[in-house]
Amino acid sequence: MVKEIESIRVKLQGYDSVVVDRSAKSIMETAIGTGAKVTGPIPLPTKRKRFTVNRSPHIYGSSMEHFEVRTHKRIIDIVEPTAKTIDSLQHLQMPAGVEVEIQ
């Protein structure tokens, strides 16, 4: 007896919020097109990493430059997926800079 999958959780992560939102939209359209029910995308809190670097080690040693990297995350739940939904999600092309995790 084959165990039926009740739901699929798709986690998206990237540095550019526009690209992450476009990817979430394409995943939702693909899942809805195959007859599955979709909830989301649910935006998770944005993680910010800050870096401080010396501008010059010699004369202006106390001068610092600040950089920040933001990581945007989204969650999409696909309820009642079909075999066609799973197959189409595995063959979906994602843009560069977006990490996709399917559970």
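About the thresholds
- Residues numbered from 1 in each chain as written.
- Predicted model: local features only at pLDDT ≥ 70, side-chain atom pairs only at ≥ 80, totals over all residues.
- Heavy atoms only, no water.
- Helix = DSSP H or I, 4+ residues; strand = E, 2+ residues; numbered from the N terminus.
- Contact = heavy atoms within 4.5 Å.
- Salt bridge = Lys/Arg side-chain N within 4 Å of Asp/Glu carboxyl O.
- Buried < 20%, exposed > 50% of the residue type's maximum accessible area, 1.4 Å probe, protein only.
- Arc of directions from axis to C-beta.
- Pairing = 2+ DSSP bridges.
- Axes fitted to C-alpha atoms, helices over the stretch in contact; angles between N-to-C directions.

Draft legend 1. Highlighting the environment of T30. Relative to the helices and strands, T30 resides in helix α1 (residues 17–33). C-alpha separation for the pair T30 and R9, spaced 21 residues apart in sequence, amounts to 14 Å. With residues near it in sequence (within four places) discarded, T30 still touches S88 and L92.

Draft legend 2. Structural detail: the pattern of salt bridges. Overall, the coordinates contain five salt bridges when judged by the stated rule. In this structure, the salt-bridge partner of R50 is E68, at a minimum N-O distance of 3.0 Å. Of this pair, R50 sits in strand β2 (residues 37–54) while E68 is found in strand β3 (residues 64–79), placing the two residues 18 residues apart along the sequence. What makes R50 exposed here is its relative accessible area of 57%. Taking the relative accessible area as the measure of exposure, E68 reaches 35% and is therefore partly exposed.

Draft legend 3. The arrangement of unusual backbone geometry in detail. Look at E80: it is not a glycine, yet its phi comes out positive at around 55°. You can see E80 is positioned in the loop between β3 and α2 (83–90).

Draft legend 4. Main features of α2. Among the residues making up α2, those that are buried are T85, S88 and L89. The arc that holds every buried residue of α2, seen down its axis, measures 100°, which confines them to one face. Away from its buried face by more than 90 degrees, α2 exposes A83 and Q90. Elements in contact with the buried residues of α2: α1, β3 and β4 (98–102).

Draft legend 5. Layout of the sheet that holds β2. One open sheet holds the four strands; their spatial order is β2-β3-β1-β4, and the pairing between them is antiparallel. Every interior strand has two partners, whereas the edge strands, β2 and β4, have only one. Taking the axes of each pair of neighbouring strands and ignoring which way they run, one obtains an average angle of 15° across the sheet.

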